[in-house]
Amino acid sequence: MELYTNLRQGEKGAWLSIGTYLILSSTKLTIGYLGTSEALKADGLNNTTDIIASIAVLIGLRIAQRPPDSNHQYGHLRAETVASLVASFIMLVVGLQVLINSLKSLWEPSGTTPSLLTAYVAIGSAVVMYVVYRYNLALAKKIRSAAVKAAAYDNRSDALVSIGTAIGIFGAIFGFPIIDTLTALVVAFLIIKTAVEIFWEAVQSLTDAFNIDEVETLSVLIRNVEGVIDLLDFKGRAHGNMYFIDVTVTVNPYLNVFESHRITEEIEHTVMRENPFCQVLVHIEPHIEQIPPTSENKSPTE
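So, how was this worked out
- Residues numbered from 1 in each chain as written.
- Predicted model: local features only at pLDDT ≥ 70, side-chain atom pairs only at ≥ 80, totals over all residues.
- Heavy atoms only, no water.
- pLDDT = per-residue confidence, 0-100.
- Contact = heavy atoms within 4.5 Å.
- Pairing = 2+ DSSP bridges.
- Helix = DSSP H or I, 4+ residues; strand = E, 2+ residues; numbered from the N terminus.
- Buried < 20%, exposed > 50% of the residue type's maximum accessible area, 1.4 Å probe, protein only.
- Polar contact = N/O pair within 3.5 Å; in protein donor to acceptor, adjacent residues only side chain to side chain.
- Right-handed = clockwise from strand over helix to strand, strands pointing away.
- Axes fitted to C-alpha atoms, helices over the stretch in contact; angles between N-to-C directions.
- Salt bridge = Lys/Arg side-chain N within 4 Å of Asp/Glu carboxyl O.
- Core = buried A, V, L, I, M, F, W, Y, C linked by side-chain atoms within 4.5 Å.
- Left-handed = near helix turned anticlockwise from the far one by under 90°.
- Nonpolar A, V, L, I, M, F, W, Y, C, P; charged D, E, K, R; others polar.

Draft legend 1. The arrangement of the confidence of the model for the protein in detail. Across the protein, pLDDT averages 83, with 92% of residues at or above 70. Ignoring residues within four places in sequence, the model shows residues 297-302, a span with pLDDT below 50, making three contacts including any to other chains.

The following block contains the structure:
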């Protein structure tokens, strides 16, 4: 199935992120400590949370590839979402730790100036993360993976954080040491913000929330299918990158089974052309208004 093939390809982006974050986080934490830069150390801790998030994506992609079984008849596609939920809690804890350390540095400044090397490390990290972002974004578009796309946007955020870190370090070098600590505070808030966003998105998916714009788009397409008179009901839910859609439509009550089945197939094909990763269940009902009164369904007073 194409979906599972894409999930396997998505692992490439997760592995690239993990390898990059391992190198960058260890480099930033080491140079940040030696070069006395709170901002670079905070950025390094930020990358450690990204390692966890990338591992969660990788584990989710692996489990999501398992086929349906007796206990998971819709498959294991939500494993990726559960992993993201766990990662969001870990990121939140690290973000709070960075915040606490930054506040301590604000009240008890070390009085030392970060070395110029820390700024160069931050700039180099921004360049590397931008390259990783472009790769993962291209991969996400190719395989239509929401998880890899989210990872790509996380890569972009890390590039921006590193740019901000470099600015803070340069400010400290030029005589404003408080800027380095303030930048660490900003990084802490960015970590917390990302954790909350990942948490909220995972909760929305696990509680079967469905994008309203997607509902409106698909509803219009279904109503325009030849033979569909009315769309009575539309329900949708997301399992990872797969959408499960249940619709109830009315058709001419005098159609035979073959003609009604043709309409259901056309609805399925229409939805899948819009989003190939959709499974559609169509329920057909007769359009009552088209049934003329007969001697059998007339009321006694008629």
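Draft legend 2. Quick peek at the pairing of strand β1 (residues 230-239). Relative to strand β2 (residues 242-251), β1 is paired through nine bridges, and the arrangement is antiparallel. The residue bridging F234 from the neighbouring strand is V247, located in β2. If you look at the hairpin formed by β1 and β2, you'll find two residues sitting between the two strands, and G240 has a positive phi there, around 65°.

Draft legend 3. Spatial organisation of the environment of T207. Relative to the elements of secondary structure, T207 occurs in the loop between α6 (178-206) and α7 (212-223). In this structure T207 comes out as exposed when scored by relative accessible area, which is 54%. In the structure, T207 is positioned 29 residues away from I178 in sequence and 44 Å away in space, judged by C-alpha atoms. For T207, the side chain forms a polar contact with the main-chain oxygen of V203, separated by 2.7 Å.

Draft legend 4. Molecular detail of the pairing of β2. Counting buried positions along β2 yields nine of ten residues, so the element is predominantly enclosed. This β-α-β element, β2 to helix α8 (residues 257-274) to strand β3 (residues 278-286), shows right-handed connectivity.

Draft legend 5. How the structure looks around unusual backbone geometry. A positive phi angle, close to 50°, is found at T36, a residue other than glycine. Inspection of the secondary structure puts T36 in the loop between α1 (2-34) and α2 (38-64).

Draft legend 6. Representation of the sheet that holds β3 in the model. Judged by pairing direction, the sheet is mixed, and its three strands sit side by side in the order β1-β2-β3 without closing on themselves. Where the open sheet ends on each side, the last strands, each with one partner, are β1 and β3. Ignoring which end each strand starts from, the neighbouring axes of this sheet average 10° apart. With nine bridges connecting them, β2 and β3 associate as parallel partners. The residue bridging D246 from the neighbouring strand is L281, located in β3. Together, β1 and β2 form the strand contacts of α7, whose direction differs from that of β1 by roughly 135°. Each of β2 and β3 touches α8; the most contacted strand, β3, lies at about 145° to it.

Draft legend 7. Here's a closer look at the pattern of salt bridges. Inspection of the entire model under this criterion finds seven salt bridges. For K193, the salt bridge goes to E197, with nearest N and O atoms at 2.5 Å. With a gap of four residues between them, K193 and E197 both fall in helix α6, about one helical turn apart. With a relative accessible area of 44%, K193 lands in the partly exposed category.

Draft legend 8. Inspection of the nonpolar core at higher detail. Counting 19 residues, the largest nonpolar core has I222, F234, I245, V247, I267 and V280 as its most contacted members. Going through the elements one at a time, α7, β1, β2, α8 and β3 are the ones with two or more residues in this core. Filtering out sequence-adjacent residues up to four positions away, I222 remains in contact with V228, L231, F234, V247, V249, I267 and V271.

Draft legend 9. Quick look at the packing of α7 against α8. Contact geometry of α7 with α8 gives a least axis separation of 9 Å together with a crossing angle of 145°. α8 is crossed by α7, and the crossing has right-handed handedness. Counted together, T217, L218, L221 and I222 of α7 and I267, T270, V271 and E274 of α8 form the full contact between these two elements. Its residues assigned to classes, the contact of α7 with α8 shows five nonpolar, two polar and one charged.

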